[in-house]
Amino acid sequence: IRFVIENPLVRMAMSIMVWSTITKFVLENLFYQVADANFNSARKIASFVSIMTISIYLLSLALHHVINRTMNSRLQLSTLLSVQPINVLIFGGLALIFPPFWPVVVLMVTYNIIHRSIQLPMSRQCLVPVPRLRRGVIVSLISIVISLCTVITSGVMAVMKNSLQLQHYLFFLLALGSGVF
């Protein structure tokens, strides 16, 4: 624990992973709300989610090399780590202004692409200073912290489910996006 506290890059990696997990959890909850409001059957929702998931994977594969070559190798770490919060703020804001379905769908797609192509490689790069003998312990500690944050977020959202509306989730998502800055 002391190593994590004393090492700013490891703290950054842990923060990125925690933020990403909570943000993705809220985004997925929001996505299923807008999908439920937009489609009139579970079969249509499942079909749309399948198509979207395939699109996410295909776009991630197609764009990973381009993003890696043009962005990850040229931009500073702080700039790269601000791409996802900006993405959340732009499309979350659009979902407040316009009907939320398409902005949330595009956010879901872009979030996953950015997560796979920028955030994961950059968070791994932040773990480089961790000695090999401590790496397993540090990764386990990060996993525990992520799990606890997810359980807390899930619990709060479950308790407040009946009192929260779509706009509340959007505001929470925007708060997560702006909280990074």
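Novice: Please clarify how helix α2 (residues 8–38) should be interpreted in this entry.
Specialist: One turn of the α-helix equals 3.6 residues, which is why residues spaced by three or four share an orientation. Its 31 residues give α2 an end-to-end C-alpha distance of 44 Å, which sits within 8% of 45 Å, the value for a rise of 1.5 Å per residue. Where α2 begins, one side-chain oxygen reaches toward the backbone nitrogen of L9, 3.0 Å away; that side chain belongs to N7.

Novice: Looking at this structure, how should I read the nonpolar core?
Specialist: One broad trend across soluble globular proteins is that nonpolar side chains are buried collectively. F31, M52, L127 and I138 are the most contacted members of the largest nonpolar core, which has 49 residues in total. Among the secondary structure elements, those contributing two or more residues to this core are α1 (2–6), α2, α3 (42–72), α4 (77–97), α5 (101–126), α6 (132–159) and α7 (166–179). Among the elements that make up this core, the one with the highest residue count is α2 (14 residues). Setting aside residues up to four positions removed in sequence, M52 forms contacts with F31, V105, M108 and V109.

Novice: Mind showing me how you'd approach a nonpolar patch on the surface here?
Specialist: Together, I144, L148, I152, V156, V159 and M160 line one region of the surface with nonpolar side chains, adding up to about 590 Å² of accessible area. On the secondary structure map, M160 appears in the loop between α6 and α7.

Novice: Please clarify how the layout of surface pockets should be interpreted in this entry.
Specialist: Over the atoms rolls a probe the size of a water molecule, and its path tells where empty space is left. Approximately 190 Å³ is the volume attributed to the largest pocket. Lining the largest pocket, in full, are M12, S15, I16, W19, S78, L81, P85, Q119 and V180. If you list the elements that add at least two residues to the lining of the largest pocket, you get α2 and α4. The element contributing the most residues to the lining of the largest pocket is α2, with four residues. Split by residue class, the lining of the largest pocket holds six nonpolar, three polar and no charged.

Novice: Looking at this structure, I do not really get the packing of aromatic side chains. What am I missing?
Specialist: We describe a pair of aromatic rings using the distance from one ring centre to the other and the angle between the two ring planes. Summed over all chains, the structure comprises seven aromatic pairs. Note on F31 and Y32: the rings are 5.2 Å apart at their centroids and 70° apart in plane angle, and the pair reads as edge-to-face. Among the residues examined, F31 registers a relative accessible area of 0% and is labelled buried. Summarising the aromatic geometry, the rings of F39 and F48 are spaced 5.2 Å apart at their centres and angled 40° between planes, so their arrangement reads as tilted. Feature note: the residues F31, Y32, F39, F48, F101 and W102 constitute an aromatic cluster, connected by ring pairs.

Novice: Quick question: what am I supposed to make of the environment of Q119 here?
Specialist: For Q119, the location among the structural elements is in helix α5. C-alpha of Q119 to C-alpha of S82: the two residues are 37 residues apart in sequence and 9.6 Å apart in space. Beyond its immediate stretch of four places on either side in the chain, Q119 contacts I16, W19, S20, Q84, Y111 and I114. A distance of 3.2 Å separates the side chain of Q119 from the side chain of H115, its partner in a polar contact.

Cut-offs applied
Residues numbered from 1 in each chain as written. Predicted model: local features only at pLDDT ≥ 70, side-chain atom pairs only at ≥ 80, totals over all residues. Heavy atoms only, no water. Helix = DSSP H or I, 4+ residues; strand = E, 2+ residues; numbered from the N terminus. Expected span 1.5 Å × (residues − 1). Polar contact = N/O pair within 3.5 Å; in protein donor to acceptor, adjacent residues only side chain to side chain. Core = buried A, V, L, I, M, F, W, Y, C linked by side-chain atoms within 4.5 Å. Buried < 20%, exposed > 50% of the residue type's maximum accessible area, 1.4 Å probe, protein only. Contact = heavy atoms within 4.5 Å. Patch = residues over 30% accessible without salt bridge, like charges linked within 9 Å, V, L, I, M, F, W, Y side chains within 5 Å. Areas by Shrake-Rupley, 256 points an atom, 1.4 Å probe, with all protein chains shown as cover. Salt bridge = Lys/Arg side-chain N within 4 Å of Asp/Glu carboxyl O. 1 Å grid on protein atoms, 1.4 Å probe; cavity = no way out; pocket = protein on both sides within 12 Å on 5 of 7 lines; lining within 4 Å. Points joined across faces, edges and corners; volume = space filled by probe spheres on them. Nonpolar A, V, L, I, M, F, W, Y, C, P; charged D, E, K, R; others polar. Phe/Tyr/Trp six-rings, centres within 6.5 Å; stacked < 30°, edge-to-face > 60°.

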